[in-house]
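For reference, the chains in residue letters:
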Amino acid sequence: MLRNNPSRPCYHFTPPSNWMNDPNGLVYYQGEYHLFYQYHPASTDWGTMHWGHAVSRDLVNWQHLPIALYPDEHGTIFSGSAVIDWQNTAGFGKEAMVAVFTHYREGNRQSQSLAYSLDQGRTWTKYRGNPVLHQPDATPDFRDPKVFWHTEGHWVMSLAAGDTILFHTSPNLINWTLSGSFGSGEYGSTGGVWETPDLFELCVDGSPETRWVLTVGVQGGSTAIGSGTQYFVGSFDGRTFTSENPKDTVLWADHGADYYAAQSWSDEPAGRRIMIGWQNNWLYSGVIPAATWRGSLSLPRQLSLTQTAQGARLVQQPIPELRSLRGRHQHWNNETIVPGTDLLSDIKGEALEIIAEFQADAAVERFGFRVRVGTDEFTTIGFDPRQNNLFMDRSHAGQSGFCNDFAGTHLASFDPPHGIVQLHIFIDCASVEVFSGDGKAVLTDIIFPSEQSQGVELFTEGGTVTLNSLDIYQLNPAEFLT
Ligand code: FRU
């Protein structure tokens, strides 16, 4: 176990030591989910980027592996993706695992390069013709290639360029042709530079009807504070993406402060679209408390789309594999919660899963849970039926002096059908993730409480609320082998 610091999560991915940011190169091959990540092996601060590496058979328990990609004469290794070249289009060898990444050099020179592995990602060779895609002179930002094989028979690369996503196609991963662009400062949130795109097709409500979803990290101006992950819904014709929503529609994958640079796995064996994000924010990632390591990832989430009155919208659920962490279980049914009572006075924990269903009454001001409760500390997760807002308030969560904007409340609005509010909450030492509205409203926030703050409370303000059901599980640590 790597638990050398009270705020190291028990079941969220963290690097063995030093700095981590974006997840990179997510690909499944021969029984293993590969996770590469932006890694600075010499410091707990961002710096000379490498690709760290880990593998998992279930996306819950992980084996750390040696660094996969080191800086070279073309620069340091920024974010990117990985694919299995099933048809050997690049000629690197049978079933080569190919990493497509950004080489970064001083002066903001950014170009796209390749590396390949013929031994399940254990050793890597850089392509000798690197870089394969040069930065156009007029484009200051040109990075984070996410590549997939399109059914029309070519590779597609989504690439972030300022406030635009560029699309390139290739027969062989080596020769790329610009095929389209989306954004140009006119769509969605443009409060900061766009980064780390992903593009995939999802079914709507499990039917054969599909839409394409383009996810984009935006470095500033997110719905909470600082950086955040937005998404667009529309169509993709093999060359370019078209949004089906008005230009000023802004859709957030997560309404908390800490879900960034999200990426999904290629070749997931059950055909699921599973996404994971950096549980952090560029606003304060460099100053959050750190001991020997800094940075963590969110839980993996399974994605789908659902039709709403406004159009097709993203649904995210924690992957079912996480149930393997469940330990001691307690259950309640049909409880009436009155202001000032405390049903959960004997519950303690810093690694918990809470699944609750409330019947909201419009007369109630707010209801929900306080978690990581200590003498002066608590984090509040609740619902405000008068505003139809799901919220997370980390103003009193613990340490926050490292950034003025850290303490605060983050909101996701949703209309609970028949007044039924479900909260599915994961608490893991230094983070809280909340899934609500059947996965349509998600909030992720990191927190820094003291180790002793382990209480859990149910609360209601302004009236009574009915708790239809409540399940609380103590969660066991996941395995992180080194
Ligand atoms: C996103 C990002 C990417 C870049 C990487 C550098 O968080 O800024 O655009 O490739 O991090 O570490």
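Source: prediction; values computed, not measured. (Residues numbered from 1 in each chain as written. Predicted model: local features only at pLDDT ≥ 70, side-chain atom pairs only at ≥ 80, totals over all residues. Heavy atoms only, no water.)

**What to know about the overall build of the protein**
1) Next: Helices and strands together make up the secondary structure of the protein, namely zero helices and 34 strands.
2) Next: Expected size for 482 residues packed as a compact globule is a radius of gyration near 23 Å; at 22 Å, the protein falls within 12% of this value.
3) Next: With the C-alpha coordinates aligned to their principal axes, the bounding extent of the protein is approximately 70 × 50 × 40 Å.
4) Next: For the protein, contacts bridging at least 24 residues in sequence account for 61% of all contacts bridging at least 6.
5) Next: Approximately 17500 Å² of the protein is accessible, and the part contributed by carbon and sulfur atoms is 46%.
6) Next: Taking the average location of the 29 positive side-chain charges in the protein and that of its 52 negative ones, the two points are 4 Å from each other. (Helix = DSSP H or I, 4+ residues; strand = E, 2+ residues; numbered from the N terminus. Rg over C-alpha atoms; globule rule 2.2 N^0.38 Å. Contact = heavy atoms within 4.5 Å. Areas by Shrake-Rupley, 256 points an atom, 1.4 Å probe, with all protein chains shown as cover. Lys, Arg positive; Asp, Glu negative; His and termini not counted. Charge placed at Lys NZ, Arg CZ, Asp CG, Glu CD.)

**With respect to the site of the ligand**
1) Next: By nearness alone, every residue bordering the ligand is listed as Asn21, Asp22, Gln38, Trp46, Met49, Phe78, Ser79, Arg143, Asp144, Glu195, Tyr260 and Trp282.
2) Next: One nitrogen or oxygen atom from the side chain of Asn21 is found 3.1 Å from an oxygen atom belonging to the ligand.
3) Next: In the model, an oxygen atom of the ligand is placed 2.7 Å from a nitrogen or oxygen of the Arg143 side chain.
4) Next: Protein burial of the ligand: of its 320 Å² of free accessible surface, 97% is covered by the chains.
5) Next: Elements that contribute at least two residues to the shell around the ligand include exactly strand E1 (18-29), strand E5 (76-85) and strand E9 (143-150). (Near = heavy atom within 4 Å. Polar contact = N/O pair within 3.5 Å; in protein donor to acceptor, adjacent residues only side chain to side chain.)

**Observations concerning the pairing of strand E32 (residues 455-461)**
1) Next: Across the seven residues that make up E32, a large majority, five, are buried.
2) Next: As defined by bridge partners, strand E25 (residues 366-373) adjoins E32 across six bridges and the pair is classed as antiparallel. In the strand pairing of E32, Phe369 is matched with Leu458. (Buried < 20%, exposed > 50% of the residue type's maximum accessible area, 1.4 Å probe, protein only. Pairing = 2+ DSSP bridges.)

**Looking at the packing of aromatic side chains**
1) Next: Enumeration over the complete set of coordinates arrives at 37 aromatic pairs.
2) Next: Linked through ring pairs, Phe13, Tyr37, Tyr39, Trp62 and Phe480 together constitute an aromatic cluster.
3) Next: The side chain of Arg301 reaches across the aromatic face of Tyr259, ending 3.9 Å from its centre.
4) Next: In this structure, Arg326 packs its charged tip against the face of Tyr473, placed 4.2 Å from the ring centre. (Phe/Tyr/Trp six-rings, centres within 6.5 Å; stacked < 30°, edge-to-face > 60°. Lys NZ or Arg CZ within 6 Å of the ring centre and 35° of its normal.)

**Brief notes about the layout of surface pockets**
1) Next: If you add up the space inside the largest pocket, you get close to 680 Å³.
2) Next: Along its surface, the largest pocket is lined by 29 residues, and Phe148, Trp149, Ser266, Asp267 and Arg273 are the ones closest to its centre.
3) Next: Secondary-structure elements contributing two or more residues to the lining of the largest pocket are E5, E9, strand E13 (194-203) and strand E21 (301-308).
4) Next: It is E13 that contributes the most residues to the lining of the largest pocket, six residues altogether.
5) Next: Looking at the lining of the largest pocket residue by residue, the classes come out as 14 nonpolar, seven polar and eight charged.
6) Next: The calculated volume of the second largest pocket comes to roughly 420 Å³.
7) Next: Lining the second largest pocket are 19 residues; nearest its centre among them are Gln310, Arg313, Ser413, Phe414 and Lys440.
8) Next: Broken down by secondary-structure element, the contributors of at least two residues to the lining of the second largest pocket are strand E17 (251-252), strand E22 (311-318) and strand E28 (409-413).
9) Next: For the lining of the second largest pocket, the leading source of residues is E22, giving three residues.
10) Next: For the lining of the second largest pocket, the residue count by class is 11 nonpolar, five polar and three charged. (1 Å grid on protein atoms, 1.4 Å probe; cavity = no way out; pocket = protein on both sides within 12 Å on 5 of 7 lines; lining within 4 Å. Points joined across faces, edges and corners; volume = space filled by probe spheres on them. Nonpolar A, V, L, I, M, F, W, Y, C, P; charged D, E, K, R; others polar.)

**So, the sheet that holds strand E4 (residues 62-69)**
1) Next: If you trace the six strands from one edge of the open sheet to the other, you get E20-E1-E2-E3-E4-E34, paired in mixed fashion. Only two strands of the sheet have a single partner each, and these edge strands are strand E20 (293-294) and strand E34 (480-481).
2) Next: Pairing analysis gives four bridges linking strand E3 (residues 50-56) to E4, with the strands arranged antiparallel. The residue of E4 that forms the bridge with Trp51 is Leu69.

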